[in-house]
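Observations on chain architecture
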Amino acid sequence: MGPRKRPSSSSSSSRKPSQAVRQSQPAKFGIQHFFERHTQATAAAVDSADAHFDGADSQLDPPEKAEEENPSPISPEATRAPLPKRARFSPGMLIKQSQDDGIDEITWRISPINQRLRSFTTKVFQDEASPPIKTEQKLSSLRPCSEEKNSETTSENNSFPKQEECFENVDSNTFANTGQQTPFRTPPSMPYAPLESVGGDDSNSTSTLVDSMKHRKTLLELLDEVEDEISNDDSTGKTREPSATRNADKALNFDSLTDDHHKPPVYTGPENSCNENLLVLEVTEEQTSSGSSHRLESLKVLRLLNENSGEERSLHLRDEWFYSQIGPGDCVNVIGEFDGHGRCLIDRNQNLIIVHPHILVSGTRVASSFSCPRRTVLDERFKVAEYCTPAMMGTLLHQIFQAGLLKDNPTPTFMEEYAGTLLQQNIESLYACGVSETETYLKLVREIPRILRWIKTFRDEQPLVNFGQYEGERSISLTEVIDIEEMVQTRRYGLKGMIDASLHLKMKSVDGGLMDKIVPFELKTGKATTGQAAMDHRAQVILYSLLMSERYPESDVDSGLIYYLFTDQTLGIKVQRSDLVGIIMRRNELATDILRASTFQILPPMLRSPSICRSCRHLNTCAIYHKAYGGDQASSGLDEFDSFVNHLSPSHEAFLRQWDRLIDLDSRASSVGKREALHLSDSSPDHNSLSSIVLDMARKYTVDESSRNGRFIYHFINKNVHSEVKNGLQNNLDCGLRCGDYVVLRAQTGHISVGNGVIMDIGPFNVSVALPRRLRIPGLKCSQDETALAHQSWRIEKDEVASSYAVMRYNIVQLFLQNRESFRLTKMIVDLEAPMFDRGGIFSQDQAVACVRSEKTLNDDQRKAIHKILSAKDYALILGMPGTGKTSTMVHAVKALSIRGASILLTSYTNSAVDNLLLKLKAQGIDFIRIGRQEAVHVGIREHCLSGKLGLEAIKRQMECVKVVGATCLGINHPLLSKKKFDICIMDEAGQISLPITLGPLMLAKRFVLVGDHYQLPPLVRSAEAQENGMGISLFCRLSEAHPQAIAALQSQYRMCAGIMELSNALIYGNRLRCGSPEVANAKLIFSGSEPLSWLKEILDPEKPVIFVNTDELPALEMKAKKAISNPAEANIVAAVVEELMKRNISGDDLGVITPYNAQADLIRGLVGPGVEVHTIDKYQGRDKDCILLSFVRSCEKHFGSSLLGDWHRINVALTRPKKKLIMVGSCGTLARMPLLKLLIEKVRETGSIISPSIRDMGWMRQFVRCSHD
């Protein structure tokens, strides 16, 4: 049942306080209201408890009295009788839980000691990061818990069914026996064990959690809105009829346990379940009697809210599930069935609960977390570029094995040739690992006979595979390889994984017949085949079986296969209920740990096992984090702990904590955007994805044999290409996708991830994506793919955000490692020590200096900047104002440094910026190496990429001889750079790159040069809170403000004519800009043809380089559709001016239209056609045109706050794009409310360049007004 608005007038009137009042006090329909509404404690219990709690909570909730004076009515459908007043909920207080009939009353404390606050406050960030996922099924109406509790019922009717009533055929001894048989047990004490705030200091943990109270008001307001939506006021006063929840889809069904101790319960695949996200409102712990023995058992009761339908549920956790870490505000998914009263029981025998299902945890992570949860969380948060021979060999053997599986009749010759090809494709990894090509080839070839024997045996014979003591040996045969490296993810279970192979088998059943089975197959190439490693492998396969049961609902996926290549042993894994319970509980705890780390920067405690910790790849990072968050040697469990962290000062620790938090804030904001994009309709614009595209069945796919692993290139077209040929797809700039971008391909229906790929080509009407394997529809057999592919709609999304945040965290912690490069950078970046320069003078004998002086194309500013670079001992900063020739300066600086024999790393954030610089180096005859994927590199310099072209020895020679290397900031972890160090790093566009990203390339060089302009757009930050706390401050800006003596400014510009330059000069640059030549200063736009119409005559006056078209006298108000803002009148004015300009022989290539808003850009693009570039201001940084038209869009009568127009960096970019003519269109009255824009309007008015046309001047405007009214 969908939510209904309450029609009560008194209710709505009580909900109309001013916005200021609403922000100053907690919302009265927040989570407190939920708790108050459902309290059933006796008056005596309430009085005795609240006397203490009200005093403790009075400081946090001052509006309590006001709410009592003006109570808001509650829907009679939700509450039939007045409820006794209970203590308001707040962290740190005791909550007296209600006393159900026949159940002992207990007290549950929420405090930093047992870490329950993290569950409560999780809701804030969950709402930020994960909007509720709507299910396809509509749930039946269920009676609210409040209604059941308030009705006069007996204890028999109100209590949950006894254990023997739920499981009539279950022997209680079976539970104990079952529990002892699974190795995947969760210690019952874990939820109540003290946690550490990364370092382990309880006091610091307390302060961290107290700080989180800032988000409490946000939570209350969010739940306030939920309550307002779901509260119902049924005038008839009838109660809703209870009905059982049913799903048409298949779900999990666990066989009932029997008295047979030799046969534990097994997982048998989907049958019935709920698949929805439920909000936890309240958690209580009870003691209830079990069976005829009346033995007391602990029971955890969760009161849940379905945020889609507004219905409440009751969930009971027993046995191991009792110890689940769940609290108010958490989001859960119940895999099971609710009864007619909206209740469900989860115990070791039936049903599952998934905590934080929006957090997709990989099966590999879950399996490895049994030994050390802290290491797994660090794996999730850091992207470490490690190149080792065993890992590389494992990857190569996997690819050889998979190639054999896909081949109908693989031969030794085929496999050996494939191994040779594979080595050539992975030659860079060989270089990074420092191994011989011949030796590696021989190792691979030695394993080929064993691989071929396995494939032949399982295809042609029916070997026996041991599935454990309960299933015994089963004969199986391989009939089909469904998929290789199948990417599966499900928000139902909160899991994801990449399965080595999905196989279709014939398996002999117990009765001797043959049955079809689909199973996950995992290949293990390492030597670890027993002990903890074997348990990890088993857990991984069990989780993959669970994932595949979701992907293939028609098949009974209840087992999997593991093949250990080292021992030539194949094992069958049968999914047992007892194993699954422990693994899912571990998954839930890991999801909670990941959420806690990203929300409060609280990691699981250190393992305190010296033998394991000393061999851990994260030892240094783990110790640094432990120290930064208050830990010490005693809490670490390591005798040598101080040796890892004694170099850290309090300021270093504070720097790490600050940036760790800022990165997490921005990461969560980015996740919100990605999840919102998933739920956009096909017509909703999303500039980082393409929706509603289909395969071009005329071309289908081509195979790129020249690339690594022979990728398949699929070609997509607009779904409506035949009816909308003119518009087609958004082009590569408009949608934010470019050649070389990593993308995720999803099926449009259900947003199922199908695979990861790379954009190979993108244009107005088509896009080509390279995938590592053939495209197929998830869940279908190969024979069904052809037809399904022809009718499937797809969605392509950019996929680089998650990995970039992991790189950021890694770069920050790299600053504090104990090595020379880290010490040096820490002093300059964290401690802000002043940079040193060679003050001995630059002599004419220096050939590099002589080369700079002799270069006629350089001006004085550029020469001074190059001299600054040559004399720098630590770093230099080059302030490249718009049009001042910073690229030319860098080219000649590289040339001068090359004369000195220096090795140089050229880098920037974007591939286009790196390639632009390298193209100019190529024109100067300077040799270089370009690091990166060829499809992302400019065609003109692909010949300088080494990938897949040379042998190992040739690559070694090239890397030693060539002194200049170009790579992006995120590409410096490439294997070719794993052993490379440079004398100097030059970074372009440094003012736009966030500080953590900047650090990566600087680690590879002895000194560095940052080139940029911090007066233009700063680094992109998605989180407003992170922006306010300093994440938008680039390293370039940080060092510029700390040490202005390190700056060499380029002030002679060669882009804008004098009239246009004067705007940014006066508003931003303090009159430091100057025209580089008289020709630039006096440049004009030359028109031809007859004189234009009256209102266009002044606009096109070549003597006026700057024009502002004021729309205040026109019907040109802005329009809002959802979150999109546009101004059709301004768009039509811009289109009319563009049309007139093109009539006057101004080429479309010389025109550009910019605007702050995407919706306005889309609107103008549809009016002017494809001949003129139309983009947002942000996308135009670094570009210029002879004539720029700028549409400000905003035009309204009331006050507005615009973060886009209020950012002076963005306005500066807009004003510095044109060369000869700038035409601005906007409402002076509206824009003058912004301080900077007011100054801009006054500056233009001084030159008499503001025109205010009326509706009489524009005949077409009258028609436009009539159409808009129609």
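Definitions and cut-offs
- Residues numbered from 1 in each chain as written.
- Predicted model: local features only at pLDDT ≥ 70, side-chain atom pairs only at ≥ 80, totals over all residues.
- Heavy atoms only, no water.
- Pairing = 2+ DSSP bridges.
- Helix = DSSP H or I, 4+ residues; strand = E, 2+ residues; numbered from the N terminus.
- Contact = heavy atoms within 4.5 Å.
- Axes fitted to C-alpha atoms, helices over the stretch in contact; angles between N-to-C directions.
- Core = buried A, V, L, I, M, F, W, Y, C linked by side-chain atoms within 4.5 Å.
- Buried < 20%, exposed > 50% of the residue type's maximum accessible area, 1.4 Å probe, protein only.
- pLDDT = per-residue confidence, 0-100.
- Phe/Tyr/Trp six-rings, centres within 6.5 Å; stacked < 30°, edge-to-face > 60°.
- Lys NZ or Arg CZ within 6 Å of the ring centre and 35° of its normal.
- Salt bridge = Lys/Arg side-chain N within 4 Å of Asp/Glu carboxyl O.

1. Observations concerning the sheet that holds strand S34 (residues 1106-1110)
Reading across from one edge, S38-S37-S39-S40-S34-S41 is the order of the 6 strands in this open sheet, with parallel pairing throughout. Looking along the sheet, the strands with just one partner apiece sit at the ends: strand S38 (1173-1176) and strand S41 (1250-1251). By the bridge criterion, 4 bridges tie strand S37 (residues 1151-1155) to S38 in an arrangement that is parallel. Counted as the bridge partner of Val-1153 is Val-1174 from S38. Across the face of the sheet, helix H41 (residues 1158-1168) comes into contact with S37, S38 and strand S39 (1185-1191) while running at roughly 175° to S38. Lying over the sheet, helix H42 (residues 1208-1215) contacts S37, S39 and strand S40 (1218-1226), oriented at roughly 125° with respect to S40.

2. A closer look at the nonpolar core
If you look at the biggest cluster of nonpolar residues, it comprises 209 residues, and the most contacted ones within it are Phe-1192 and Met-1224. The biggest single contributor to this core is helix H20 (residues 577-600), with 10 residues. If we skip the residues at most four places from it in the chain, Phe-1192 touches Phe-1108, Glu-1130, Pro-1156, Tyr-1157, Leu-1205, Ile-1211, Met-1224, Val-1225, Gly-1226, Leu-1231, Leu-1237 and Leu-1240. Core analysis: the second largest hydrophobic core is formed by 34 residues, Leu-897, Ala-902, Ile-941 and Ile-984 among them.

3. Details of the confidence of the model for the protein
For the protein, per-residue confidence averages 77 on the pLDDT scale, and 72% of positions sit at 70 or higher. Between residues 680-685, whose pLDDT stays under 50, and residues either more than four places distant or in other chains, the model counts 6 contacts.

4. Structural notes on the pairing of strand S6 (residues 295-306)
Counting buried positions along S6 gives 9 out of 12 residues, so the element sits mostly inside the fold. With 6 bridges connecting them, S6 and strand S7 (residues 312-317) associate as antiparallel partners. Counterpart to Leu-305 in the pairing with S7 is Glu-312.

5. Quick word on the packing of aromatic side chains
Per the counting criterion, the structure on display carries 17 aromatic pairs. Ring geometry for Phe-655 and Trp-659: centres 6.4 Å apart, planes at 45°, overall tilted. With Phe-655 and Trp-659 both in helix H25 (residues 650-678) and 4 residues apart, the pair spans about one turn of that helix. Assigned by exposure class, Phe-655 and Trp-659 land together as buried. An aromatic cluster is defined as three or more aromatic residues linked by ring pairs; in this entry it consists of Phe-401, Trp-454, Phe-458, Phe-521 and Tyr-563. Sitting over the ring of Phe-322, Lys-300 keeps its end group 5.5 Å from the ring centre.

6. Section: the pattern of salt bridges
What the rule picks out here adds up to 55 salt bridges. The partner of Arg-381 in a salt bridge is Asp-664, with the nearest N and O atoms 3.0 Å apart. Remark: Asp-664 occurs in helix H25 and Arg-381 occurs in helix H14 (residues 373-381); sequence separation between them is 283 residues. The burial state of Arg-381 is the same as that of Asp-664; both residues are buried. The salt bridge involving Arg-1210 is made with Asp-1207; its shortest N-O contact spans 3.5 Å. We classify Asp-1207 as buried; its relative accessible area is 18%.

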